[in-house]
Amino acid sequence: MTQFHPRRGRNWYSAMGILFIVGGGIVIVRNIFLWSPEFVVDFIFNSEITNEKISMGMFAFGGFLIFLGFRRDV
(Lines give C-alpha, C1' and ligand atoms only; values in the text may rest on other atoms or scores of the structure.)
Protein backbone atom coordinates (compact mmCIF):
# COMPACT_ATOMS: atom_id res chain seq x y z
CA MET A 1 0.00 0.00 0.00
CA THR A 2 1.37 3.43 -0.91
CA GLN A 3 1.08 6.42 1.34
CA PHE A 4 -0.72 9.52 0.22
CA HIS A 5 1.17 12.78 0.73
CA PRO A 6 -1.47 15.54 0.75
CA ARG A 7 1.06 18.39 1.05
CA ARG A 8 3.52 17.15 -1.56
CA GLY A 9 4.30 20.01 -3.94
CA ARG A 10 2.34 22.57 -1.91
CA ASN A 11 5.03 24.85 -0.63
CA TRP A 12 6.72 28.18 -1.29
CA TYR A 13 8.84 26.84 -4.16
CA SER A 14 5.89 25.45 -6.10
CA ALA A 15 3.82 28.59 -5.57
CA MET A 16 6.62 30.88 -6.77
CA GLY A 17 7.32 28.58 -9.72
CA ILE A 18 3.71 28.78 -10.86
CA LEU A 19 3.80 32.56 -10.40
CA PHE A 20 6.88 32.85 -12.64
CA ILE A 21 5.34 30.61 -15.32
CA VAL A 22 2.05 32.54 -15.31
CA GLY A 23 3.89 35.87 -15.48
CA GLY A 24 5.98 34.69 -18.43
CA GLY A 25 2.89 33.32 -20.17
CA ILE A 26 1.06 36.64 -19.82
CA VAL A 27 3.91 38.49 -21.54
CA ILE A 28 4.06 35.98 -24.42
CA VAL A 29 0.28 35.98 -24.98
CA ARG A 30 0.12 39.78 -24.79
CA ASN A 31 2.87 40.16 -27.39
CA ILE A 32 1.24 37.60 -29.68
CA PHE A 33 -1.96 39.67 -29.61
CA LEU A 34 -0.15 43.01 -30.02
CA TRP A 35 2.22 41.91 -32.76
CA SER A 36 1.75 38.52 -34.41
CA PRO A 37 3.11 35.02 -33.81
CA GLU A 38 5.71 35.51 -36.57
CA PHE A 39 7.12 38.63 -34.92
CA VAL A 40 7.21 36.95 -31.50
CA VAL A 41 9.17 34.02 -32.93
CA ASP A 42 11.53 36.49 -34.62
CA PHE A 43 11.98 38.31 -31.28
CA ILE A 44 12.80 35.01 -29.57
CA PHE A 45 15.52 34.06 -32.07
CA ASN A 46 17.19 37.43 -32.77
CA SER A 47 20.40 38.55 -31.07
CA GLU A 48 18.87 41.29 -28.89
CA ILE A 49 17.57 40.94 -25.33
CA THR A 50 13.78 41.11 -25.58
CA ASN A 51 10.72 40.51 -23.38
CA GLU A 52 10.23 37.14 -25.03
CA LYS A 53 13.68 35.94 -24.00
CA ILE A 54 13.08 37.12 -20.45
CA SER A 55 9.78 35.19 -20.51
CA MET A 56 11.57 32.03 -21.62
CA GLY A 57 13.95 32.49 -18.70
CA MET A 58 10.94 32.90 -16.42
CA PHE A 59 9.52 29.60 -17.73
CA ALA A 60 12.83 27.84 -17.05
CA PHE A 61 13.23 29.36 -13.58
CA GLY A 62 9.60 28.58 -12.73
CA GLY A 63 10.06 24.97 -13.81
CA PHE A 64 13.19 24.75 -11.68
CA LEU A 65 11.32 26.10 -8.65
CA ILE A 66 8.49 23.60 -9.18
CA PHE A 67 11.09 20.83 -9.39
CA LEU A 68 12.54 22.02 -6.08
CA GLY A 69 9.06 22.03 -4.59
CA PHE A 70 8.51 18.38 -5.46
CA ARG A 71 11.82 17.18 -4.07
CA ARG A 72 11.50 14.99 -1.02
CA ASP A 73 13.93 16.73 1.31
CA VAL A 74 12.76 20.35 0.93
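Throughout what follows, the structure given in this document is the object of discussion. (Residues numbered from 1 in each chain as written. Predicted model: local features only at pLDDT ≥ 70, side-chain atom pairs only at ≥ 80, totals over all residues. Heavy atoms only, no water.)

### Describing the packing of aromatic side chains
Inspection of the entire model under this criterion finds five aromatic pairs. The interplanar angle of 80° and the centroid separation of 5.5 Å between the aromatic rings of Trp12 and Tyr13 together place this pair among those described as edge-to-face. What makes Trp12 exposed here is its relative accessible area of 57%. Relative to Phe43, the ring of Trp35 lies with its centre 5.8 Å away and its plane at 85°, an arrangement referred to as edge-to-face. Site record: aromatic cluster; members linked through ring pairs are Trp35, Phe39 and Phe43. (Phe/Tyr/Trp six-rings, centres within 6.5 Å; stacked < 30°, edge-to-face > 60°. Buried < 20%, exposed > 50% of the residue type's maximum accessible area, 1.4 Å probe, protein only.)

### Observations regarding the packing of helix H1 (residues 12–34) against helix H3 (residues 51–69)
Running from N to C, H1 and H3 cross one another at 160°; their axes reach a closest spacing of 7 Å. As the angle between them shows, H1 and H3 are arranged roughly antiparallel. Of the two possible hands of crossing, H1 and H3 adopt the one that is left-handed. A breakdown of the residues in the contact of H1 with H3 according to their chemical character gives 14 nonpolar, 11 polar and two charged. (Axes fitted to C-alpha atoms, helices over the stretch in contact; angles between N-to-C directions. Helix = DSSP H or I, 4+ residues; strand = E, 2+ residues; numbered from the N terminus. Parallel < 35°, antiparallel > 145°, perpendicular 65-115°, else oblique. Left-handed = near helix turned anticlockwise from the far one by under 90°. Nonpolar A, V, L, I, M, F, W, Y, C, P; charged D, E, K, R; others polar.)

### What to know about H1
Here H1 is 23 residues long and its end C-alpha atoms lie 33 Å apart, about the 33 Å a rise of 1.5 Å per residue gives. Those residues of H1 that sit buried are Ser14, Gly17, Gly24, Val27, Ile28 and Asn31. Packed against the buried residues of H1 are helix H2 (37–45) and H3. With a side-chain oxygen positioned 3.2 Å from the backbone nitrogen of Tyr13, the residue opening H1 is Asn11. (Expected span 1.5 Å × (residues − 1). Contact = heavy atoms within 4.5 Å. Polar contact = N/O pair within 3.5 Å; in protein donor to acceptor, adjacent residues only side chain to side chain.)

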